[in-house]
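# Geometric and topological summary
So you can see what is in the structure, the chains are spelled out below.
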Number of protein chains: 2
Amino acid sequence: MARAWNFNPGPATLPEEVLSRVQADLLDWQGKGLSVMEMSHRSEEFLGIAAKAERDLRQLAGIPENYKILFLQGGALGQNAFVPLNLLGDRTTADYVNTGHWSTKSINEAQKYGDVHIAASAESSGFTHVPAQSEWRLSQNPAYVHICSNETISGVEYAFTPETGDVPLVADMSSNILSRPFDITRFGLIYAGAQKNIGPSGVTLVVVREDLLGKARRDCPSVFDYTLQLKHEWMFNTPPTFPIYIAGLVFERLLALGGLAEVEKRNIAKAQKLYAEIDRTDFYKNKVCVADRSRMNATFYLPTEKLDDMFVAEAREHGLINLKGHKVAGGIRASVYNAMPMAGIDALVVFMRDFEKRNG
Amino acid sequence: MARAWNFNPGPATLPEEVLSRVQADLLDWQGKGLSVMEMSHRSEEFLGIAAKAERDLRQLAGIPENYKILFLQGGALGQNAFVPLNLLGDRTTADYVNTGHWSTKSINEAQKYGDVHIAASAESSGFTHVPAQSEWRLSQNPAYVHICSNETISGVEYAFTPETGDVPLVADMSSNILSRPFDITRFGLIYAGAQKNIGPSGVTLVVVREDLLGKARRDCPSVFDYTLQLKHEWMFNTPPTFPIYIAGLVFERLLALGGLAEVEKRNIAKAQKLYAEIDRTDFYKNKVCVADRSRMNATFYLPTEKLDDMFVAEAREHGLINLKGHKVAGGIRASVYNAMPMAGIDALVVFMRDFEKRNG
């Protein structure tokens, strides 16, 4: 079969031209006689690949030198532990904003390492909005404030960057990183699992402002001690070399497309077309506050659960795969990260119209 | 250039037929319209890949059902923290046998979480032997005894499985796992970074006897809590799907070759040929006690460091790459894991003879 339109929430679809380059070089990277998978992480070849990935990411996201870049393992859920272990220092409390499933996981994990103060929560709306900054109540002396910039399950995304003054802002950006320009200098630390907008699963990006380093607790596992890893240029242990190589190819592609401003333009156009179709009819219903709708994960519900299931099954037959909503939310979820082209949205919209005509 | 003979200590050479299969299916796995990298870890397709990998590994290594299999992240160096965090329970002490660089790292990390008793050490020989079991002195009530079954830097390997009675034996098997049959029932837990005999870097295998579960400390990061991960069938967080897929292809290949008995036969033949060449002449010198020589990493020294360097450089010109010894050991290291065929050993031996003829 031809390549499907893959609406997976992550691991997600990757740019076809990136996959083609990976395929071409799989047994013999640039005539060096070996696969990237077979390179020593300390070889000239891999160090070149890693340095280029880091350089391209800095350029792409405008990351200045006082922010350090790490490619680690363990996923964003791992960082839920490693952020407090690295940043709490001698503070006892960290503040968290709860916007849904992933924020809740971050909160639960952080409670193992310190006191968590909930600065704001969207629970009252069933996690269908982002609490306005005016409603946030920070604690006295928090080590940091943590947000999840996009919640994949309900499809809620921050449309603003919170202002937290001297308190470092920490963001789990797993599901919307590199989907729009962002000002890293407004953050103390960001992290992201790769498997949505960066590359395959198995690599986790951490970008940290250097003045926040040096505070890891003694019981922080060494391979996740940011300061120690940076001392070894994130090669204290063998990094996940192949996922990093693919992430580098993705960064290169995004630069070639014109950078994050152009990427955002495309994502806005994709999201507008998709939400316009949802809003066109009462047959499809999105529950999220319009201003906080995610550009990355559009969720919607048909009139009955039976129709939801039929929609997912018939879409699959039409080469539109993985549209089923998360089990805690139900309904439909179309994840349309950077690598989903407008043609995929068009195909989905055509199918939505046709399905409604037959079942509406 | 053609494929090189790659003597990397890890990430290491992979079987060419495995890489060819990965290449063929890279954009469209078995006609499903997407890459394995793009599959949801909870999709029927990936769950099938994962289940087959686990099943094949059980068959290959004879792992009974009361031993649980986990594919995690963080490498073996990560496990240096997660083993004590999961296994210490209410004990205060763990015993470690020190056979070199990697054992020392395990010991240093474990000291962050409990008391470490050194049951035996090869330090007196400069880590060129494995202490005989008769020299081991266990502590009163250790939670476990930890060994590193193959030390890649000096090239020292256990030729025996230690007998530790009721005390669970824990082994870092990163560099010799699946290179020979082993009796898992003699161990409480084994772990291995994938990047030598299993697959690409970024996935870590843990096999644990089920009665050792349920003891994780509260401060163990959730993604590395064996019990919690097993409750979620090692999908509490998104696993490194692509490296796991390749590991599965490697297991399948080893079964097709005839299993670990056949693999061992080949590894013995390869090691014998290589050490015979080293021993043939005083020009090459291996420092390891003969009985404890590693089948996986053969280390040797030429008469001068200058000749070592020339050897490495000229070998590279002949398509024999990554023969430089580790920086702490110097000299030459030929890592000849499962995926290195006899033809690679033959090519190295021919080069060694020729180099000696010209420089001896």
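Residues numbered from 1 in each chain as written. Chains lettered and ligands numbered in written order. Predicted model: local features only at pLDDT ≥ 70, side-chain atom pairs only at ≥ 80, totals over all residues. Heavy atoms only, no water.

## Observations regarding helix H1 (residues 16–24) of chain A
Residue and element names in this part refer to chain A. Along H1, the residues classified as buried are Val-18, Leu-19 and Val-22. Take H1 and look down its axis: the buried residues cluster within an arc of 95°, on one side only. Of the surrounding elements, those touching the buried residues of H1 are helix H6 (241–257). (Buried < 20%, exposed > 50% of the residue type's maximum accessible area, 1.4 Å probe, protein only. Helix = DSSP H or I, 4+ residues; strand = E, 2+ residues; numbered from the N terminus. Arc of directions from axis to C-beta. Contact = heavy atoms within 4.5 Å.)

## Here's the deal with the interface of chain A and chain B
Taken together, the contact pairs 63 residues of chain A with 63 residues of chain B. Per-residue buried area on chain A facing chain B is highest for Leu-27, Met-37 and Glu-38 of chain A; these three make up 14% of the total on that side. In this structure, Glu-38 of chain A engages Arg-3 of chain B in a salt bridge whose closest nitrogen and oxygen atoms are separated by 2.6 Å. Summed over the shared surface of chain A and chain B, the number is 36 residue pairs in polar contact (both at pLDDT 80 or more). (Buried area = accessible area lost by both parts, 1.4 Å probe. Salt bridge = Lys/Arg side-chain N within 4 Å of Asp/Glu carboxyl O. Polar contact = N/O pair within 3.5 Å; in protein donor to acceptor, adjacent residues only side chain to side chain.)

## Overview of the sheet that holds strand E5 (residues 145–148) of chain B
Strand pairing in a sheet is mediated by backbone hydrogen bonds. Such pairs are either parallel or antiparallel. Residues and elements named next belong to chain B. A sheet is described by the order of its strands in space; here 7 strands give the open sequence E2-E10-E9-E8-E5-E3-E4, paired in mixed fashion. Each edge of the open sheet carries a strand with a single partner, namely strand E2 (67–72) and strand E4 (115–121). With strand direction ignored, the average angle separating the axes of adjacent strands in the sheet is 20°. (Pairing = 2+ DSSP bridges. Axes fitted to C-alpha atoms, helices over the stretch in contact; angles between N-to-C directions.)

## A few points about the side chain of Arg-253 of chain B
All names here are of chain B. Within the secondary structure, Arg-253 is located in helix H6 (residues 241–257). Assessed through its relative accessible area of 17%, Arg-253 is described here as buried. In this structure the side chain of Arg-253 is engaged in a polar contact, spanning 2.6 Å, whose partner is the side chain of Glu-17.

## Side note on the pattern of salt bridges
As enumerated under the stated definition, the model contains 48 salt bridges over all chains in all. Linking Arg-209 of chain A and Asp-211 of chain A is a salt bridge whose minimum nitrogen-to-oxygen distance equals 2.6 Å. Here Asp-354 of chain B makes a salt bridge to Arg-358 of chain B, at a shortest N to O gap of 3.0 Å. Separated by 4 residues within a single helix, Asp-354 of chain B and Arg-358 of chain B lie in helix H9 (residues 342–359), roughly one turn from each other. A single network of salt bridges, built from pairs that share partners, joins Arg-21, Lys-52, Asp-56 and Glu-252 of chain A.

## Let's talk about the pairing of strand E13 (residues 332–335) of chain B
Residues and elements named next belong to chain B. On E13, burial covers both faces: Ile-332 and Ala-334 on one face and Arg-333 and Ser-335 on the other are all buried. Direction of pairing for strand E11 (residues 297–300) relative to E13: antiparallel, over a ladder of 4 bridges. Bridge pairing in E13 links Thr-299 to Arg-333.

## Observations regarding the domain arrangement of chain A
Residue and element names in this part refer to chain A. Along its sequence, chain A is carved into domain 1 (17–257) and domain 2 (258–359). Placing a centre on the C-alpha atoms of domain 1 and another on those of domain 2 gives a separation of 27 Å. With 29 residues of domain 1 at the interface, the matching set in domain 2 holds 26 residues. Roughly 2200 Å² is buried in total at the junction of domain 1 and domain 2, and carbon and sulfur atoms are behind 54% of that figure. Remark: the boundary between domain 1 and domain 2 carries 0 salt bridges. The tally of links between domain 1 and domain 2 comes to 16 residue pairs in polar contact (both at pLDDT 80 or more). Listing elements by their share of the side of domain 1 that touches domain 2, those giving two or more residues are helix H2 (44–61), strand E6 (150–151), strand E7 (156–157) and H6. (Domains from an automatic or database assignment.)

## Digging into unusual backbone geometry
The omega angle of the peptide bond from Gly-10 of chain A to Pro-11 of chain A is -5°, so this bond is cis rather than trans. For Pro-11 of chain A, the location among the structural elements is in the loop between strand E1 (5–6) and H1. A positive phi angle, near 50°, is found at Glu-233 of chain B, a position not held by glycine. Counting through the fold element by element, Glu-233 of chain B comes out in the loop between helix H5 (226–231) and H6. The phi torsion at Trp-234 of chain B lies on the positive side, around 45°, for a residue other than glycine. Position of Trp-234 of chain B relative to the elements: it lies in the loop between H5 and H6. Take Trp-234 of chain B: its relative accessible area is 5%, and that puts it in the buried class.

## Here we look at the packing of helix H8 (residues 305–317) of chain A against helix H9 (residues 342–359) of chain A
Residue and element names in this part refer to chain A. Between H8 and H9, the shortest axis-to-axis distance is 11 Å and the interhelical angle comes to 130°. It follows that H8 is oblique to H9 by the angle criterion. Note that H8 runs across H9; the crossing there is right-handed. Note on element contacts: H9 touches H8 through Leu-348, Phe-351, Met-352, Phe-355, Arg-358 and Asn-359, opposite Leu-307, Met-310, Phe-311, Glu-314 and Ala-315. Taken together, the residues of the contact of H8 with H9 sort by class into 8 nonpolar, 1 polar and 2 charged. (Parallel < 35°, antiparallel > 145°, perpendicular 65-115°, else oblique. Left-handed = near helix turned anticlockwise from the far one by under 90°. Nonpolar A, V, L, I, M, F, W, Y, C, P; charged D, E, K, R; others polar.)

## A few points about the environment of Ala-2 of chain A
Residues and elements named next belong to chain A. With respect to the element layout, Ala-2 can be found in the segment before E1. For Ala-2, a relative accessible area of 59% gives the class exposed. Along the chain, Ala-2 and Gly-319 lie 317 residues apart, while their C-alpha atoms are 8.6 Å from each other.

## Regarding the environment of Asp-166 of chain B
Within the element layout of this structure, Asp-166 of chain B appears in the loop between strand E7 (156–157) and strand E8 (169–172). Once the C-alpha coordinates of Asp-166 of chain B and Ala-143 of chain B are considered, the two residues, 23 residues apart in sequence, prove to be 10.0 Å apart.

## Regarding the relation of the copies chain A and chain B
Mapping chain A onto chain B calls for a screw motion: a turn of 180° about the axis and a shift of 0.0 Å along it, with 0.0 Å RMSD after fitting. What the superposition gives is, in effect, a two-fold axis relating one chain to the other. With an isologous cut-off of 70% or more, the 100% of interface residues of chain A that recur at the interface of chain B puts this contact in the isologous class. (Least-squares fit on C-alpha atoms with pLDDT ≥ 70 in both.)

## As for the nonpolar core
One finds Val-22, Leu-178 and Phe-242 of chain A together with Val-22, Leu-178, Phe-182 and Phe-242 of chain B to be the most contacted residues of the largest nonpolar core, which totals 184 residues. If we ignore the near neighbours within four places in the chain, the residues touching Leu-178 of chain B are Leu-57, Leu-60, Ala-61, Ile-198, Phe-251, Leu-254, Leu-260, Val-263 and Asn-338 of chain B. (Core = buried A, V, L, I, M, F, W, Y, C linked by side-chain atoms within 4.5 Å.)

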